Amino acid sequence: MGALTHESLVEYLIEEAYEVVDSIEAGSRGRSESGSGSAGFADELRGELGDVLLQVVLHARLAEERGQFAFDDVARTITEKMIRRNPHVFKPDGTLQDSFPATVEEIVEKWDAVKKAEKPGRTDPFEGIPPHLPALALAQKSLDRADRAARSGVVGHSRPDVVPAEVPGSEGDLGDLLLAVVAGAREKGLDAERALRGAVRRYQQHGNETAWKPHERPGSDAVP
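Residues numbered from 1 in each chain as written. Predicted model: local features only at pLDDT ≥ 70, side-chain atom pairs only at ≥ 80, totals over all residues. Heavy atoms only, no water.

1. Some thoughts on the environment of His-206
Next up, step 1: In this structure, His-206 sits in helix H7 (residues 192–209).
Next up, step 2: On the basis of relative accessibility, which here comes to 25%, the residue His-206 falls in the partly exposed class.
Next up, step 3: Note: C-alpha distance between His-206 and Asp-161 (45 residues apart in sequence) is 10.0 Å. (Helix = DSSP H or I, 4+ residues; strand = E, 2+ residues; numbered from the N terminus. Buried < 20%, exposed > 50% of the residue type's maximum accessible area, 1.4 Å probe, protein only.)

2. Things to note about the confidence of the model for the protein chain
Next up, step 1: Averaged over every residue, the pLDDT of the protein chain is 84; the share at 70 or more is 83%.
Next up, step 2: For the protein chain, per-element mean pLDDT is lowest for strand E2 (residues 222–223), which scores 42, and highest for helix H6 (residues 171–187), which scores 97.
Next up, step 3: In this model, residues 211–224 is a region of pLDDT below 50 whose contacts with residues beyond four sequence positions or in other chains number 35 contacts. (pLDDT = per-residue confidence, 0-100. Contact = heavy atoms within 4.5 Å.)

3. What about a nonpolar patch on the surface?
Next up, step 1: Together, Leu-53, Leu-54, Val-56, Val-57 and Phe-71 line one region of the surface with nonpolar side chains, adding up to about 370 Å² of accessible area.
Next up, step 2: It is helix H2 (residues 39–65) that provides the largest number of residues to the nonpolar patch, a total of 4 residues.
Next up, step 3: By secondary structure assignment, the location of Leu-53 is in helix H2. (Patch = residues over 30% accessible without salt bridge, like charges linked within 9 Å, V, L, I, M, F, W, Y side chains within 5 Å. Areas by Shrake-Rupley, 256 points an atom, 1.4 Å probe, with all protein chains shown as cover. Salt bridge = Lys/Arg side-chain N within 4 Å of Asp/Glu carboxyl O.)

4. Some points on the pattern of salt bridges
Next up, step 1: Per the counting criterion, the structure on display carries 10 salt bridges.
Next up, step 2: Of the charged contacts, one joins Glu-65 and Arg-61 as a salt bridge, the two residues approaching to 3.5 Å between their closest N and O atoms. Here Glu-65 and its partner Arg-61 are both found in helix H2, 4 residues apart, which amounts to about one turn of the helix.
Next up, step 3: Residue classification places Arg-61 among the partly exposed residues on the basis of a relative accessible area of 45%.
Next up, step 4: A salt bridge links Lys-91 to Asp-98; the nearest nitrogen and oxygen atoms lie 3.7 Å apart.
Next up, step 5: A residue is classified by how much of its surface remains accessible, and Lys-91, at 28% relative accessible area, is partly exposed.
Next up, step 6: A residue is classified by how much of its surface remains accessible, and Asp-98, at 72% relative accessible area, is exposed.
Next up, step 7: A network of salt bridges, in which partner residues are shared, links Arg-61, Glu-64 and Glu-65.

5. Let's talk about the side chain of His-88
Next up, step 1: Within the fold, His-88 resides in the loop between helix H3 (71–85) and helix H4 (104–118).
Next up, step 2: Accessibility expressed as a relative area gives 6% for His-88, which makes it buried.
Next up, step 3: Once residues within four sequence positions are removed from consideration, His-88 is found in contact with Gln-97, Ser-99, Phe-100, Pro-101, Ile-107 and Lys-110.

6. Topic: H6
The α-helix winds at 3.6 residues per turn, so residues separated by three or four positions along the chain end up facing the same way.
Next up, step 1: Between its first and last C-alpha, H6 extends 24 Å over 17 residues, near the 24 Å set by a 1.5 Å rise per residue.
Next up, step 2: Immediately beyond the C-terminal end of H6, within one or two residues, lies Gly-189, with a positive phi of roughly 75°. (Expected span 1.5 Å × (residues − 1).)

7. Digging into the nonpolar core
Next up, step 1: One finds Phe-126, Ile-129, Leu-138, Ala-139, Ala-146, Val-200 and Tyr-203 forming the largest nonpolar core, which totals 7 residues.
Next up, step 2: For this core, the secondary-structure elements that each account for two or more residues are helix H5 (135–152) and H7.
Next up, step 3: In terms of residue count, the dominant contributor to this core is H5 (3 residues). (Core = buried A, V, L, I, M, F, W, Y, C linked by side-chain atoms within 4.5 Å.)

Structural data, given as structure tokens:
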């Protein structure tokens, strides 16, 4: 095995993150079936979170050896970021506010306002979305960003329309429908992951290339 690098550790960071997801979802299924909590779930989740933390420690150690930053710098940076981006929760000194926003919408508005102040030159609402997210996660994140940009009132951003399909009322049934779509795509020799990723890419390009003013809607802006 060669020397550890940030690049060589990427696969392990991804693997450990997915194992946390698997642990949480397995624990959720177990609690749903048994109707109670599980000490075993807590132990497993604690271990999986430790594995993810180890990856953070390793990356920080590599950076420290190169004179870039140390683990303490990582912890301090995220602490400062949490305080700065959540003024509805924290006072500038890090202590809790005396009162909190009444709605999720207010929280989102405050969060977005802080991010805009931090990066005033950012005009692309899709900037910062990891391009290698799984296609479904990429689609949902992109739709959310476009919606928030359209509601923010920033000139040049209006949400391209995607005509919503009729979907079942539960996640279980929705999952079955998505699985059936993938099965149908497979029967036709199509790659569902690649197809959705391409659709999201076209959606993002459509939103960026069309400089509308807030709430102005062209006659035909739907993404099929």
